[in-house]
Amino acid sequence: MELTLSPKETEVRPNTIPDLKVDATFRKVPKHALTFELWKIDEDRLEAVARAQYGTFYDNCAYIIYATSLVGHYANHETITREQKANVPLERYIHYWLGNNVSEQNRSNVVHKVQELDSYLGNVASIYRETQNHESARFLSYFKKGYDVLSGALVNSPQGVRLFQLYGRKWLRAVELADIDWTHFNSDYIMVLQMETTTFVWIGRSSASIERRSALSWVQRQRKDCTICIVDDGYEQSMSPEQKQLWNKVLPLQQRMVYQTNKLGSDFDCKTNGDVNGSNKFRIYKCNQRGRLHLDQLDVGMPSKDDLSDAHGVYLLDNYGQSIWLWVGAQATQADALTAMGNGRAFVKKKKYPNSTLVVRVLEGQEPVEFKRLFGNWLTIWQDNTRGHKPVSTKFGKLDAVLLCERPKMAADTQLVDDGRGERILYRIHGDQLEELPATKVAVFTTNASYVVKYTVQCATVVPADLACVGVKSIVYQWNGSEASAETIAKADSFAMASFEALNGAGMFVQLYEFDETPHFLQLFEGKLIIMRGQRSELLHSNNNLNWDFKTNIMLETFLLKVYGDASYNAKAVEEHPLSAISSKDCYVIKTNHVWVWCGQSSTGDAREMAKSVGALLGESSLVLEGKESKEFWQSVAMYFNQTLVINGQSCASSTTSSSSSGAGSMCNGSSNGGGNISPTLSNNCYLNTTIPTKPRPPVQLFLVWWEQTQLRCEEILGFEQKDLCADSTYILDTGTLAYVWLGSKALKQERDRYTSIAQCYVQNAPFGRRSATALAVVRQYSEPNVFKGFFETWQDELGKNFITYEQMRQELGSIVPSNALKEGSALHLNNNQKDFDGHKKYPLYVLVQEMDMLPPEINPLRREVHLTHDDFVSVFKMSFYEFDELPKWKKQELKKLNKLF
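Novice: Quick question: what am I supposed to make of the overall build of the protein here?
Specialist: Broken down by element type, the protein carries 25 helices and 39 strands. A fraction of 69% describes how many contacts in the protein between residues 6 or more apart in sequence connect residues 24 or more apart. Accessible area for the protein stands at about 37200 Å²; split by element, carbon and sulfur atoms hold 49% of it.

So, in structure tokens, the structure goes:
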């Protein structure tokens, strides 16, 4: 497919380069230093913003941010300029931000200025085009306490009454409104009405507690000498007469009309427009300059790094209108680098995407992690290129939880909680049958069943302080086979979750699929876990096997096991049949009339040791090396192995093994090379080698997540630290191999109860390549395991113990908050499911008394009264909803008919 963009549609013509005379202000910027700089463009003036004003913007201006940091680190508005040696690699970012009311002249000026800065720096920075209310996660990460947008229209007006709209969970946006009117009110927002002596804080009923806390902190920072009056959405009439008189001067209560709609912002729905399986998440175009710009769409299924093959060229990536990325090859001309942003804007207009669509230019070799993670294989390549020594010896002896507690980074790197020698109880679920397996059994799983392991963490200490800092005492693992039925998994889910809840917050829950076993789970079995096909189920688990012995039962069978991994924390053996190709890097255990352990020429000594230990479980075994096989071996294994297969495998020794069976599935591209993959998005029938990487994978991401009706929404936190975890919220820490759900101790009950739904919804609809079988873990605040803590720069166990809730903040403001604050036991404080009055969307009375066919669709005509605000309800029925709700049914209906609400 070919798309032609007209140069006239670009902010800067793509086929011309303006004569770049670099502004004198930019010449003061050090070229090789850590720094954070902010400039404002007002008409044709470029002025540096004073540090004290960082985080305050005007909606009629354009701004430029230049931020640099060490690779893998993050700058913010507090970054102090520090010169670096010339050989220290830096990440460089230029952002230009456009206010909602910026003039066309300012839009054009900022683009020219960005080109000047980019040219002065040598075209090495990533450039982001940001718009008010639609900023990227990276831009937001610069302002830890959020930012303010002031109205340019009010700059020269006298300081009178001012109205602000506040929203945003992680980053609070405080937007000043040019006029004061009820139309700006919305139940999702917190509104602040500033008057000379009083500041009114109006709390929208659908705002989150994290937003309410941030809003109260913001108000206190703004004006320390002012009376604060908190007004609850729908309870405005409970203000004192004096307060109402003040309020009515600018916002007459009789004109009150508050709607509830989803707010704007960078929060994005986890559900993307693309295929939820992650394939073909975006389109790639090659940019060709032929007088006018032509885009040739590349025919790619699952985009990979290799698609960006022309170092002299420019590629455009359309992430389904969420963002547009321009990738400029290292050998491309300066003209191509400078005009890329204009081409991106022309594409947005051609496609009729919203004007606020994020456009980013990145350069080969300087790509930010947000770009890399759009590609299923990019981060695997990153790991392969940076692999060093293993963090722990493959024979590490005793590695208990206390040692790992002292070295949380090692715990995060290895993903080991302890050495797996704690007590384990194993349950097997098949259909509606649940049985506890004897502790002596060799661990043999079948692909048609689910297994639950209750594990007690090994802790070689009785010192209370050491025990406390270990965090997690018990782990409940749930492993689902690839052929397990929905009934089996549902039964396993309920049993595993009940076991987790029984730990009373002192444990962790991990849900795994057959292809994504974590290092610690495999360590429980010391690398000797055997996964057999579902057809073996009867043989292994028939009820008459009371004196069950694995060797006796299985001796009659013939099968082939492929051994994955080379250490006790990454190894397992999987039954495979038929075998279509093998690699010289692999090891197999073949059980015929004898047990054979076959090791490829390129297999490591450690991998061979793991294969031999699996062979020993089956009985006396013989080691066979590739190229030295005996005639007896070939005769014995003919039904699985043959010489042609081995020769073929050898000739492409670096290729992956491709085998498929009902249980094993087919190998993912590049996954048998021990590269420590992070679950590239492919078929769920993918076996991955779980070799651990040398350090946390680069895209470890933290998301603040919440439910909005039935959809999960999330906000990414770049450059996260422990204090970004708030007790009244829920987060997902995605480490690539495992997605952790962190439940704050004061999080909403529905989030604390629906943790698996949160994790599964996130994994299935994650905004980048991910297979839906990714392992999930649930941790609770104050019981975080070391494998979780180690992903944070420094972890303090006491941090968060002094958390102040919104209700406590409100009480502490008691001395300056007048009596309109709701009394204990009033509507908003009642948490009774039957009395769900405040949970309903509110409408003005005249809307609710209309004919049935005129009512908004979400209103139940028989329950119109719950859609009244508290104040309207009291004025109509002369009682509160809670008094009304206690009346007999006939009396309620009579009153509703009387008031035309039935």
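That shown, we press on.
Novice: Got a minute to help me understand the sheet that holds strand β4 (residues 56-58) in this structure?
Specialist: Sheets are built from strands paired through backbone hydrogen bonds, the pairs being either parallel or antiparallel. Strand order across the open sheet formed by seven strands is β4-β9-β11-β10-β12-β13-β14, with mixed pairing between neighbours. Each edge of the open sheet carries a strand with a single partner, namely β4 and β14 (227-232). Between one strand axis and the next, the sheet turns through 20 degrees on average, direction left out of account. Note: strand β13 (residues 198-203) against β14, six bridges, orientation parallel.

Novice: Is there a simple way to think about the pairing of strand β21 (residues 424-430) in this case?
Specialist: Examined bridge by bridge, β21 and strand β24 (residues 450-456) share six bridges and lie antiparallel to one another. Following the sheet pairing, R428 is matched in β24 by Y451. Counted between consecutive antiparallel strands, the loop separating β21 from strand β22 (residues 433-436) contains two residues, among which G431 sits at a positive phi close to 65 degrees.

Novice: Which parts of the structure should I look at to understand the nonpolar core?
Specialist: When a protein is soluble and globular, its nonpolar side chains tend to lie buried together. With 86 residues, the main nonpolar core has F371, F521 and Y740 as its most contacted residues. Setting aside chain neighbours within four positions, we find F521 in contact with F445, V453, Y477, W479, L512 and L529. Counting 41 residues, the second-largest nonpolar core is a separate cluster that includes L3, L295, V314 and V328.

Novice: Would you explain the pattern of salt bridges in this entry?
Specialist: Pairs can form between side chains of opposite charge whenever their charged atoms are close. Applying the stated criterion across every chain yields a total of 27 salt bridges. Residues R213 and D728 are paired through a salt bridge, measuring 2.9 Å at the closest nitrogen-oxygen approach. A residue pair is termed long-range when its members are at least 10 positions apart, and R213 in helix α3 (residues 209-222) and D728 in the loop between β36 (711-717) and β37 (730-734) qualify at 515 residues. You'll find R213 and D728 in the same group, each marked buried. The partner of E609 in a salt bridge is K612, and the shortest N-O contact between them spans 3.1 Å. Remark: K612 and E609 occur in helix α15 (residues 605-618); sequence separation between them is three residues, near one turn of the helix.

Novice: Which parts of the structure should I look at to understand the packing of aromatic side chains?
Specialist: Geometry of an aromatic ring pair is reported as the spacing of the ring centres plus the angle between the planes. A complete count under the given rule lists 53 aromatic pairs for this structure. Ring centres of F139 and Y147 lie 6.3 Å apart, and the angle between their planes is 90 degrees; this geometry places the pair in the edge-to-face category. Classification of Y147 as buried rests on a relative accessible area of 2%. Their ring planes at 50 degrees and their centres at 6.1 Å tell us that W182 and W247 sit as a pair that is tilted. Of this pair, W182 sits in the loop between β11 (173-177) and β12 (190-194) while W247 sits in helix α4 (residues 241-250), and the two are 65 residues apart along the sequence. Taken together through their ring pairs, the aromatic side chains of F36, Y54, F57, Y63, W97, F139, Y142, F143 and Y147 make up a single cluster. Positioned above the aromatic ring of Y120, the side-chain terminus of K31 is 4.6 Å from the ring centre. Over the ring of Y564 we find K572; its NZ or CZ atom is 5.8 Å from the centre of that ring.

Novice: I would appreciate a short explanation of helix α1 (residues 104-121) in the present structure.
Specialist: Residues lying three or four places apart along an α-helix face the same way, a consequence of the helix completing one turn every 3.6 residues. The end-to-end C-alpha distance of α1 is 26 Å, a good match for the 26 Å that 18 residues give at a rise of 1.5 Å each. With 13 of its 18 residues buried, α1 lies for the most part within the structure. Following α1 by one or two positions, G122 has its phi on the positive side, about 90 degrees.

Novice: What am I meant to see in a positive patch on the surface here?
Specialist: On the surface, K145, R221, K224 and K723 cluster together into a patch of positive charge. Mapped onto the elements of the fold, K723 is located in the loop between β36 and β37. Here K723 falls in the exposed class, since its relative accessible area comes to 60%.

Novice: Any chance you could explain the environment of A330 here in plain terms?
Specialist: Relative to the helices and strands, A330 resides in the loop between β19 (323-328) and α5 (334-350). In this structure, the C-alpha to C-alpha distance between A330 and V314, residues 16 residues apart in sequence, is 9.6 Å. Contact partners of A330, with chain neighbours within four places excluded, come to A311 and E364.

Reading the values: rules and limits
- Residues numbered from 1 in each chain as written.
- Predicted model: local features only at pLDDT ≥ 70, side-chain atom pairs only at ≥ 80, totals over all residues.
- Heavy atoms only, no water.
- Helix = DSSP H or I, 4+ residues; strand = E, 2+ residues; numbered from the N terminus.
- Contact = heavy atoms within 4.5 Å.
- Areas by Shrake-Rupley, 256 points an atom, 1.4 Å probe, with all protein chains shown as cover.
- Pairing = 2+ DSSP bridges.
- Axes fitted to C-alpha atoms, helices over the stretch in contact; angles between N-to-C directions.
- Core = buried A, V, L, I, M, F, W, Y, C linked by side-chain atoms within 4.5 Å.
- Buried < 20%, exposed > 50% of the residue type's maximum accessible area, 1.4 Å probe, protein only.
- Salt bridge = Lys/Arg side-chain N within 4 Å of Asp/Glu carboxyl O.
- Phe/Tyr/Trp six-rings, centres within 6.5 Å; stacked < 30°, edge-to-face > 60°.
- Lys NZ or Arg CZ within 6 Å of the ring centre and 35° of its normal.
- Expected span 1.5 Å × (residues − 1).
- Patch = residues over 30% accessible without salt bridge, like charges linked within 9 Å, V, L, I, M, F, W, Y side chains within 5 Å.
- Lys, Arg positive; Asp, Glu negative; His and termini not counted.
- Charge placed at Lys NZ, Arg CZ, Asp CG, Glu CD.

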